[in-house]
Amino acid sequence: KAGVTQTPRYLIKTRGQQVTLSCSPISGHRSVSWYQQTPGQGLQFLFEYFSETQRNKGNFPGRFSGRQFSNSRSEMNVSTLELGDSALYLCASSEGSGNTIYFGEGSWLTVV
Amino acid sequence: AQSVTQPDIHITVSEGASLELRCNYSYGATPYLFWYVQSPGQGLQLLLKYFSGDTLVQGIKGFEAEFKRSQSSFNLRKPSVHWSDAAEYFCAVGAYGGSQGNLIFGKGTKLSVKP
């Protein structure tokens, strides 16, 4: 079974631009969550989607948004990029409550 | 407030020596507990998890962890460390029966292995 797949793996954006990151969960997994990892703040929860509905949201500004499609694939978008948005963005999937959460390799975003 | 504390930022052990990485949590509900490992530039790989039942759980790569409710701890152990174990280790807690996507992570412990 293929793991969690994230694209693109690496990208560089300019301040003020927007970015969309994609995540394909493990087949059969309906829950997808997103995390931001930075050296200073560590791993922080962004949001979780289950069956196309946002089920939980972390403490991030409205510039960070996401969605989930009917095939469970998910995208997250960051608008009006700031230098501080440079981070590794990790996607994770699970079958739902009570099940193990598996992470992808991440998307490295650099904002210049 | 819900939190996970990994007191050791960086640990160095000799190859073949035993290892214990500490994790303490503060969580109002019954927790799910996880240990993940991250190699440089990579995502997180699950080492082991505790949901319920036996408080000593076995994971991959020879790791084990013991859940101690009275101490709010979930320490990770390995009897003999290999050079390939050098990586960063993260302890995480999630809500039992709740939203599974919202894990709270510790700041991580970086493990270095001396030959």
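Keep in mind that this is a model prediction, so the values were computed, not measured.

1. What to know about the overall build of chain A
Thought 1: The helix and strand tally for chain A stands at zero helices and 11 strands.
Thought 2: Listing every helix and strand of chain A by position from the N terminus yields β-β-β-β-β-β-β-β-β-β-β.
Thought 3: For chain A, the proportion of its 112 residues judged to be buried stands at 49%.
Thought 4: Here the contacts in chain A between residues at least 6 apart in sequence split such that 53% fall between residues at least 24 apart.
Thought 5: Here chain A has roughly 5,100 Å² of accessible surface; of this, 47% comes from carbon and sulfur atoms.
Thought 6: Here chain A contributes 10 positively and 7 negatively charged side chains, and the mean placements of these two sets differ by 3 Å.

2. Things to note about the pairing of strand β11 (residues 107-111) of chain A
Residue and element names in this part refer to chain A.
Thought 1: Burial along β11 is one-sided: the residues S107, L109 and V111 are buried and none of W108 and T110 is.
Thought 2: The pairing of strand β2 (residues 10-13) with β11 spans four bridges and is parallel. The partner of I12 across the bridge, within β11, is T110.
Thought 3: Where strand β9 (residues 87-94) and β11 come together, three bridges link them in antiparallel fashion. Bridge assignment links Y89 to a residue of β11, and that residue is S107.

3. As for the interface of chain A and chain B
Thought 1: Facing the 25 residues of chain A at the interface are 20 residues of chain B.
Thought 2: Interface area, chain A with chain B, both sides summed: about 1,800 Å², of which 51% is carbon and sulfur.
Thought 3: If you sort the residues of chain A by the area they bury against chain B, L43, I101 and F103 of chain A come out on top, with a joint share of 29%.
Thought 4: Run the count over chain A and chain B and you get zero salt bridges.
Thought 5: Here chain A is connected to chain B by five residue pairs in polar contact (both at pLDDT 80 or more).
Thought 6: Looking at the side of chain A that touches chain B, the elements with two or more residues in it are β4 (31-38), β5 (42-50), β6 (53-57) and β9 of chain A.
Thought 7: Among the elements that take part in the side of chain A that touches chain B, β5 of chain A stands out by supplying four residues, more than any other.

4. Section: the pattern of salt bridges
Residues and elements named next belong to chain A.
Thought 1: Following the criterion strictly, the structure yields nine salt bridges over all chains and no others.
Thought 2: A salt bridge links E48 to R55; its shortest N-O distance comes to 2.7 Å.
Thought 3: A relative accessible area of 0% means that E48 is categorised as buried.
Thought 4: Via salt bridges that share partners, R63, E82 and D85 belong to a single interconnected network.

5. As for the confidence of the model for chain B
Thought 1: Here chain B shows a mean pLDDT of 91. Residues at 70 or above account for 94%.
Thought 2: Least confident of the elements in chain B is strand β10 (residues 87-95) of chain B, whose mean pLDDT is 91; most confident is strand β3 (residues 19-21) of chain B, at 98.

Calculation notes
Residues numbered from 1 in each chain as written. Chains lettered and ligands numbered in written order. Predicted model: local features only at pLDDT ≥ 70, side-chain atom pairs only at ≥ 80, totals over all residues. Heavy atoms only, no water. Helix = DSSP H or I, 4+ residues; strand = E, 2+ residues; numbered from the N terminus. Buried < 20%, exposed > 50% of the residue type's maximum accessible area, 1.4 Å probe, protein only. Contact = heavy atoms within 4.5 Å. Areas by Shrake-Rupley, 256 points an atom, 1.4 Å probe, with all protein chains shown as cover. Lys, Arg positive; Asp, Glu negative; His and termini not counted. Charge placed at Lys NZ, Arg CZ, Asp CG, Glu CD. Pairing = 2+ DSSP bridges. Buried area = accessible area lost by both parts, 1.4 Å probe. Salt bridge = Lys/Arg side-chain N within 4 Å of Asp/Glu carboxyl O. Polar contact = N/O pair within 3.5 Å; in protein donor to acceptor, adjacent residues only side chain to side chain. pLDDT = per-residue confidence, 0-100.

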